[in-house]
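Structure at a glance
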Amino acid sequence: MCQQKGRNSKITSMLPHNFIPSSCDIICGKGKDCYDHIGNKWFRHVVSLYTDEYIAAGENKFKKIKVVSDIFNKVQESENNTGFVSKDRRSGEWRAVSVTRAREKIGHELRIIVSRREKKAEKSKKLYHEAQKFRRLYVIQQAIFVELKAKSDMEIALVQDEEMDEVQCTMMEDNVIKEIDDTDLMYMLGLD
């Protein structure tokens, strides 16, 4: 095993040759295997629990460092935990990463979660405004439909009134024709 220099050293220590990361270990690296590792999933969950505190720290660097330290300590307290590990690309051997690199990973994960929250909030805000637009358009559309229906009802009533007038005229003409006797009819036809 290599020694680890100081608390914030970048030097890492080699783990036993037969080491396999447990479900409590956090794998530092890129790719689907690291992301999907159960320890990394647990790590993201732990980090998400501290995200509100990290956001509340605002621009205060010391408060942010404290949040990172709290997460680091929480991870180190876990049972059966080697902590933060990485696989050496050349040798394929596993190494325990330095405290500095572990803190960098925690800070990186916090920034990713904050960024995702901000994007999600922005998307929600846009969706809310779009929904408000559609609600306003719906109200306007309903008002137009009500107005068109009222206008249509008025036109139907007018048409019905005109049809009634025509029917009444026809009926009156029919009555007039019935009241005319034969002499009047012959006079109108000029057969008199």
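Residues numbered from 1 in each chain as written. Predicted model: local features only at pLDDT ≥ 70, side-chain atom pairs only at ≥ 80, totals over all residues. Heavy atoms only, no water.

An ideal rise of 1.5 Å per residue puts 24 Å on 17 residues; helix α3 (residues 61-77) measures up with 24 Å between its terminal C-alpha atoms. Here α3 has its buried residues at Val-67, Val-68, Ser-69, Ile-71, Phe-72 and Val-75. Structurally, the start of α3 carries an N-cap: the backbone nitrogen of Phe-62 is 3.0 Å from a side-chain oxygen of Asn-60. (Helix = DSSP H or I, 4+ residues; strand = E, 2+ residues; numbered from the N terminus. Expected span 1.5 Å × (residues − 1). Buried < 20%, exposed > 50% of the residue type's maximum accessible area, 1.4 Å probe, protein only. Polar contact = N/O pair within 3.5 Å; in protein donor to acceptor, adjacent residues only side chain to side chain.)

The next subject is the nonpolar core. Here is a general trend for soluble globular proteins: nonpolar side chains tend to be buried in one another's company. Counting 20 residues, the largest nonpolar core has Phe-43, Ile-71, Phe-84, Ile-106 and Leu-110 as its most contacted members. Mapped by element, the contributors of at least two residues to this core are α2 (38-56), α3 and α4 (99-179). In this structure Ile-71 touches Phe-43, Val-46, Val-47, Tyr-50, Ile-106 and Leu-110, once residues within four positions along its chain are discounted. (Core = buried A, V, L, I, M, F, W, Y, C linked by side-chain atoms within 4.5 Å. Contact = heavy atoms within 4.5 Å.)

Turning to the pairing of strand β3 (residues 84-87), a few remarks are in order. Here strand β2 (residues 26-27) pairs with β3 via two bridges, running parallel. Bridging from a neighbouring strand, Ile-26 pairs with Phe-84 of β3. Across three bridges, β3 lies against strand β4 (residues 94-96) in antiparallel orientation. Residue pairing for β4: Ser-86 is matched across the bridge by Arg-95. Where β3 folds back on β4, the antiparallel hairpin that results is connected by six residues, among which Gly-92 adopts a positive phi of roughly 80°. (Pairing = 2+ DSSP bridges.)

Tracing the backbone through its elements, the reader meets Ser-86 in strand β3. In this structure, the C-alpha to C-alpha distance between Ser-86 and Asp-25, residues 61 residues apart in sequence, is 9.9 Å. Once residues within four sequence positions are removed from consideration, Ser-86 is found in contact with Cys-28, Glu-93, Trp-94, Arg-95, Val-97 and Arg-101.

Next up on the list: the confidence of the model for the protein. Note that predicted coordinates carrying low pLDDT should not be read in detail. Residues at a pLDDT of 70 or more form 74% of the protein, whose mean pLDDT is 79. Long-range and interchain partners of residues 1-8, a stretch whose pLDDT sits below 50, account for 17 contacts in this model, where long-range means more than four residues apart. (pLDDT = per-residue confidence, 0-100.)

What follows concerns α2. Look at α2: 28 Å from first C-alpha to last across 19 residues, which is about the 27 Å you get at 1.5 Å a residue. Tyr-50 marks the point of greatest bend in α2, at about 45°. Of the residues making up α2, those classed as buried are Gly-39, Asn-40, Phe-43, Arg-44, Val-46, Val-47, Tyr-50, Thr-51 and Tyr-54. Trailing α2 by a residue or two, Gly-58 shows a phi angle of about 55°, which is positive. (Bend = angle between axes of the 7 residues up to and from the residue.)

A surface patch of nonpolar side chains, about 620 Å² in accessible area, is lined by Phe-134, Leu-137, Ile-140, Ile-144, Phe-145 and Leu-148. Following the sequence through the fold, Ile-140 ends up in helix α4. (Patch = residues over 30% accessible without salt bridge, like charges linked within 9 Å, V, L, I, M, F, W, Y side chains within 5 Å. Areas by Shrake-Rupley, 256 points an atom, 1.4 Å probe, with all protein chains shown as cover. Salt bridge = Lys/Arg side-chain N within 4 Å of Asp/Glu carboxyl O.)

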